[in-house]
Amino acid sequence: MKHQLSNKNIGLVLAAIFLFCSCTQQKIRENMQLMQSRAVMLETDNMICLFNDTTKLKYDKPLKLVVYNDSSVCKPCLMAHISEWTGIRNTPACKDVDFYFIFSAKEADIEAYRKGYVTNEVRLPVFLDTANVFQKSNPHIPKEWIYHTFLLDENDKIIFVGNPLRDTKMEKLFYKVLNQKGDNSVPISQVKRQKDI
């Protein structure tokens, strides 16, 4: 009798897991559709830019990779991890990609960000969004962090969601999207994303 009860319980647990996964997949699909429903607004003029030489700051490439972090993320960690993007940024596949690092920041934290920028010898521009301009301008971007790294096409529409630093599958998919976009061989609507973001 105990053995049968265990099998029933296992069956219920598996059914619950299946239902949860189905709901999660549906939510991901809904979020992806919402994200692709309109262009992303990048109003960096209203943000503080951390960069060693702002006179050399030039954004004119057709594609844009956005890495957005809200105020819930560890501040020292943010600056420490920016250098990890150097390898991807310097690949030939990213020659037509501008990188936007946008951090939601409180006025009181600006000095901590500046210190982290210098301490970690960050060489890329970082935008501090003290007025939540990004979030207000882009309500179609979900609040969950897994949706906060994405690639935009020349019309600022999202064509890829996910962090290529996260794992090799995501990295390969990111390069595949870049190559397809560069070749103009695949319509954006046919670009596939990784199932588990």
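Residues numbered from 1 in each chain as written. Predicted model: local features only at pLDDT ≥ 70, side-chain atom pairs only at ≥ 80, totals over all residues. Heavy atoms only, no water.

## Overview of the overall build of the protein
Inference 1: Looking only at helices and strands, one finds six helices and six strands in the protein.
Inference 2: Within the protein, the proportion of its 197 residues that are buried is 38%.
Inference 3: Of the contacts formed within the protein by residues at least 6 apart in sequence, a portion of 75% connects residues at least 24 apart.
Inference 4: Within the structure as shown, the protein displays about 11900 Å² of accessible surface, and the carbon and sulfur contribution to it stands at 55%. (Helix = DSSP H or I, 4+ residues; strand = E, 2+ residues; numbered from the N terminus. Buried < 20%, exposed > 50% of the residue type's maximum accessible area, 1.4 Å probe, protein only. Contact = heavy atoms within 4.5 Å. Areas by Shrake-Rupley, 256 points an atom, 1.4 Å probe, with all protein chains shown as cover.)

## Description of the packing of aromatic side chains
Two numbers describe a pair of aromatic rings. These are the distance of the centres and the angle of the planes.
Inference 1: Counting across every chain of the model gives nine aromatic pairs.
Inference 2: Cluster of aromatic residues (ring-pair linked, three or more members): Tyr 59, Tyr 100 and Phe 127. (Phe/Tyr/Trp six-rings, centres within 6.5 Å; stacked < 30°, edge-to-face > 60°.)

## Focus on the pattern of salt bridges
Inference 1: Under the counting rule described, the total for this entry stands at three salt bridges.
Inference 2: Across the pair Lys 64 and Asp 156 runs a salt bridge whose closest N-O atoms are separated by 2.8 Å. Remark: Asp 156 occurs in the loop between strand S5 (149-152) and strand S6 (158-161) and Lys 64 occurs in strand S2 (residues 63-69); sequence separation between them is 92 residues.
Inference 3: The partner of Lys 95 in a salt bridge is Asp 96, with the nearest N and O atoms 3.2 Å apart. (Salt bridge = Lys/Arg side-chain N within 4 Å of Asp/Glu carboxyl O.)

## Description of the nonpolar core
General note: in soluble globular proteins, nonpolar side chains tend to be found buried as a group.
Inference 1: If you look at the biggest cluster of nonpolar residues, it comprises 31 residues, and the most contacted ones within it are Met 79, Phe 101, Phe 103, Val 126, Leu 151 and Phe 174.
Inference 2: Considering every element that reaches this core, the biggest residue donor is helix H6 (residues 168-183), with six residues. (Core = buried A, V, L, I, M, F, W, Y, C linked by side-chain atoms within 4.5 Å.)

## A short note on helix H4 (residues 110-119)
Inference 1: Among the residues making up H4, those that are buried are Ile 110, Tyr 113, Gly 116 and Tyr 117. Buried residues along H4 cover an arc of 125° about the axis, so they all sit on one side. The outward face of H4, more than 90 degrees from its buried face, is lined by the exposed residues Glu 111, Lys 115, Val 118 and Thr 119.
Inference 2: Taken from the residues just after H4, Glu 121 is the one with a positive phi, measuring 50°. (Arc of directions from axis to C-beta.)

Structural measurements only, silent on function.
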